[in-house]
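# What the coordinates show
These are the residues of each chain, in order.
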Amino acid sequence: MPVRAEPSPTLPTLGIGMDSCVIPLRHGGLSLVQTTDFFYPLVEDPYMMGRIACANVLSDLYAMGITECDNMLMLLSVSQSMTEEEREKITPLMIKGFRDAAEEGGTAVTGGQTVVNPWIIVGGVATVVCQPNEFIMPDSAVVGDVLVLTKPLGTQVAVNAHQWLDNPERWNKIKMVVSREEVELAYQEAMFNMATLNRIAAGLMHTFNAHAATDITGFGILGHSQNLAKQQRNEVSFVIHNLPIIAKMAAISKASGRFGLLQGTSAETSGGLLICLPREQAARFCSEIKSSKYGEGHQAWIVGIVEKGNRTARIIDKPRVIEVLPRGASATALAPENSSTSSEPSL
């Protein structure tokens with residue numbers, strides 16, 4: 001009769017759905033935490049694309065409350081359809097953007113791989129060796145916690161709308177709800193947000209006793225909320241009431257009939273952290289992250305609650321849309337119905 005091998009009782013059960021893998025090492029209670037990510041370019045500036053790619057890779061560490069990274073590798077494929085001149089201009093800029101963002105994150109790129117491919121692809125690997133108190137396993141949400149989001153939604157809509165400026169068929173579907181200037185501002189805001197590291201938020205997760213977190217990327221806020229809910233040890237569910245969205249992107253999503261932004265299924269790139277915090281700590285977290293001591297551009301909103309349930313997540317039927325004005329936009333811009341420009345919504 002075959003004997004089934006049981007996992008060692010000393011090793012934690014590690015869910016494949018986590019943002020990073022956590023591998024207990026043989027030495028002194030340390031764990032290796034590692035993640036990888038890559039994607040196609042989505043903005044026109046190669047330097048910013050490098051920064052965004054690096055921020056996106058590091059975000060998986062930050063989602064576990066890890067603020068330090070020991071090493072990064074860069075993965076880069078250049079397109080075989082590019083001319084030699086294009087490669088010589090674009091490739092160094094992407095590499096510089098990636099390296100600069102890594103330096104901002106307190107780490108360095110020590111290697112990687114570059115190949116020729118039908119498409120440009122950019123990404124990397126991030127690795128750190130941690131003590132147990134340096135990371136927060138994403139499984140301890142309790143009833144009464146609130147959900148906090150640290151970047152506005154709508155990056156996919158903003159990037160696509162920017163491309164549609166030169167596509168009359170697509171532009172005609174949305175031009176009644178948005179101006180060219182508003183699309184340009186939203187695109188710049190999206191690019192800035194995607195290139196912003198989630199490192200400050202990761203540090204504040206420890207300060208304010210976060211119980212779980214994930215970052216919002218390709219599956220949208222609903223998909224990642226559902227994935228995080230499945231990881232929870234307690235019988236809880238997440239309910240999202242508020243959607244902070246780059247101004248006018250909700251209107252574009254509705255007018256175009258694409259993306260599913262208000263349904264929470266619109267993909268994000270290098271999005272914010274969605275963090276489960278004790279209710280009494282959440283407002284302080286939102287206030288602290290906006291402090292000038294962390295530089296400009298960091299924001300946070302209370303977007304939902306944790307209630308008793310069966311480890312699911314949902315968005316209420318008519319979520320409150322919080323229109324997040326891009327830097328440089330006029331504060332007098334009209335907000336659509338069922339929306340607010342408040343950054344501290346009640347639940």
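Residues numbered from 1 in each chain as written. Predicted model: local features only at pLDDT ≥ 70, side-chain atom pairs only at ≥ 80, totals over all residues. Heavy atoms only, no water.

## Thoughts on the pattern of salt bridges
Pairs may arise between side chains of opposite charge once their charged atoms sit close together. Stated formally: In the sections that follow, a salt bridge refers to a side-chain nitrogen of Lys or Arg positioned within 4 Å of a carboxyl oxygen of Asp or Glu. Runs of H or I in DSSP of at least four residues are treated as helices and runs of E of at least two as strands, each being numbered from the N terminus.
The full count for this structure, using the stated rule, is nine salt bridges. Across the pair K89 and E85 runs a salt bridge, and its minimum N-O distance is 3.7 Å. Taken together, the positions of K89 and E85, both in helix α2 (residues 84–104) and four residues apart, correspond to about one turn of that helix.

## Notes on empty space enclosed by the protein
Note the threshold: A 1.4 Å probe that fits but cannot get out identifies a cavity on a 1 Å grid over protein atoms alone, an open set with protein on both sides within 12 Å along at least five of seven lines counts as a pocket, and a residue lines either if it has an atom within 4 Å of a point. Grid points are joined across faces, edges and corners, and a volume is the space filled by probe spheres set on the points. Polar here means any residue outside two lists: the nonpolar Ala, Val, Leu, Ile, Met, Phe, Trp, Tyr, Cys and Pro, and the charged Asp, Glu, Lys and Arg; Gly therefore counts as polar.
A complete count under the given rule lists three cavities of 30 Å³ or more for this structure. Of the pockets and cavities examined, the largest cavity occupies roughly 100 Å³. Taken together, 13 residues line the largest cavity, and the ones lying closest to its centre are T150, K151, T196, H298 and Q299. Classifying every residue of the lining of the largest cavity gives five nonpolar, seven polar and one charged.

## Here's the deal with the state of the cysteines
The condition that has to hold: Disulfide assignment relies on a single distance test, namely cysteine sulfur atoms paired within 2.5 Å.
This structure, assessed with the given rule, holds zero disulfides. Free of any disulfide, C69 has its nearest neighbouring cysteine sulfur in C54, separated by 8.1 Å.

## Here's the deal with the environment of W171
What counts is decided by this rule: Here a residue-residue contact requires only that any non-hydrogen atoms of the pair lie within 4.5 Å.
Note that W171 resides in helix α4 (residues 168–174). Not counting the four nearest positions on each side in its chain, W171 is found in contact with W164, L165, V178, S179, R180 and V183.

## A closer look at the confidence of the model for the chain
What counts is decided by this rule: Each residue carries a pLDDT score, the predictor's confidence in it, ranging from 0 to 100.
Confidence in the prediction of the chain, expressed as mean pLDDT, is 91, and 90% of residues score 70 or more. Predicted confidence is poor over residues 1–13, with pLDDT under 50, and the contacts of this stretch with residues over four places away or in other chains come to two contacts. A low-confidence stretch, residues 332–338 stays under pLDDT 50, and its non-local contacts, those more than four residues away or across chains, total eight contacts.

## A short note on the nonpolar core
So the rule is basically this: Buried Ala, Val, Leu, Ile, Met, Phe, Trp, Tyr and Cys residues form a nonpolar core when they are joined through side-chain atoms within 4.5 Å. Remark: exposure states derive from per-residue accessible area (1.4 Å probe, protein chains only) relative to the maximum for the residue type, with buried under 20%, exposed over 50%, and partly exposed in between.
Core analysis: the largest hydrophobic core is formed by 85 residues, its most contacted members being M72 and F238. Tallying contributions element by element places helix α1 (residues 46–62) first for this core, with 10 residues. Core analysis: the next-biggest nonpolar cluster, separate from the first, contains 21 residues, A201, L204, A282 and I305 among them.

## Observations regarding the layout of surface pockets
Considered as a void within the structure, the largest pocket measures approximately 500 Å³ in volume. Around the largest pocket, the lining is made up of 22 residues, and of these D37, N56, T217, G218 and H224 lie nearest the centre. Looking at the lining of the largest pocket, the elements with two or more residues in it are β2 (31–39), α1, β7 (212–215) and α7 (220–230). Here the lining of the largest pocket takes five residues from β2, the largest share from any one element. The residue inventory of the lining of the largest pocket, partitioned by class, reads six nonpolar, 11 polar and five charged.

## Let's talk about the side chain of D19
Condition: Asp and Glu are treated as the negative residues and Lys and Arg as the positive ones, with His and the ends of the chain left uncounted. What qualifies as a polar contact is a pair of N or O atoms within 3.5 Å, subject to a donor-acceptor requirement within protein and to the restriction that residues adjacent in sequence count only when both atoms come from side chains.
Take D19: it is sitting in the segment before β1 (21–24). K151 is the oppositely charged side chain nearest to the buried, salt-bridge-free D19, at an N-O distance of 13 Å. Separated by 2.9 Å, the side chains of D19 and T214 make a polar contact. Setting aside its immediate chain neighbours within four residues, D19 contacts T35, D60, A63, A213, T214 and D215.

## What to know about the pairing of strand β8 (residues 236–246)
The two faces of a sheet get side chains in turn, since along a regular strand they alternate between them. Stated formally: When DSSP finds two or more bridges between two strands, those strands count as paired.
Of all 11 residues making up β8, 11 are buried, and the element is well covered by its neighbours. The pairing of β8 with strand β11 (residues 313–324) spans eight bridges and is parallel. By the bridge assignment, I246 is partnered in β11 with V324.

## Considerations on the pairing of strand β9 (residues 273–277)
A large share of β9 lies buried, amounting to five of its five residues. Every second residue of β9 is oriented toward a common face, with L273, I275 and L277 on one face and L274 and C276 on the other, all of them buried. One ladder, built from four bridges, connects strand β6 (residues 146–149) with β9; its direction is antiparallel. Within β9, the residue paired with V146 across the bridge is L277. Note: β7 against β9, four bridges, orientation antiparallel. From the neighbouring strand, T214 faces β9, where its bridge partner is L274.

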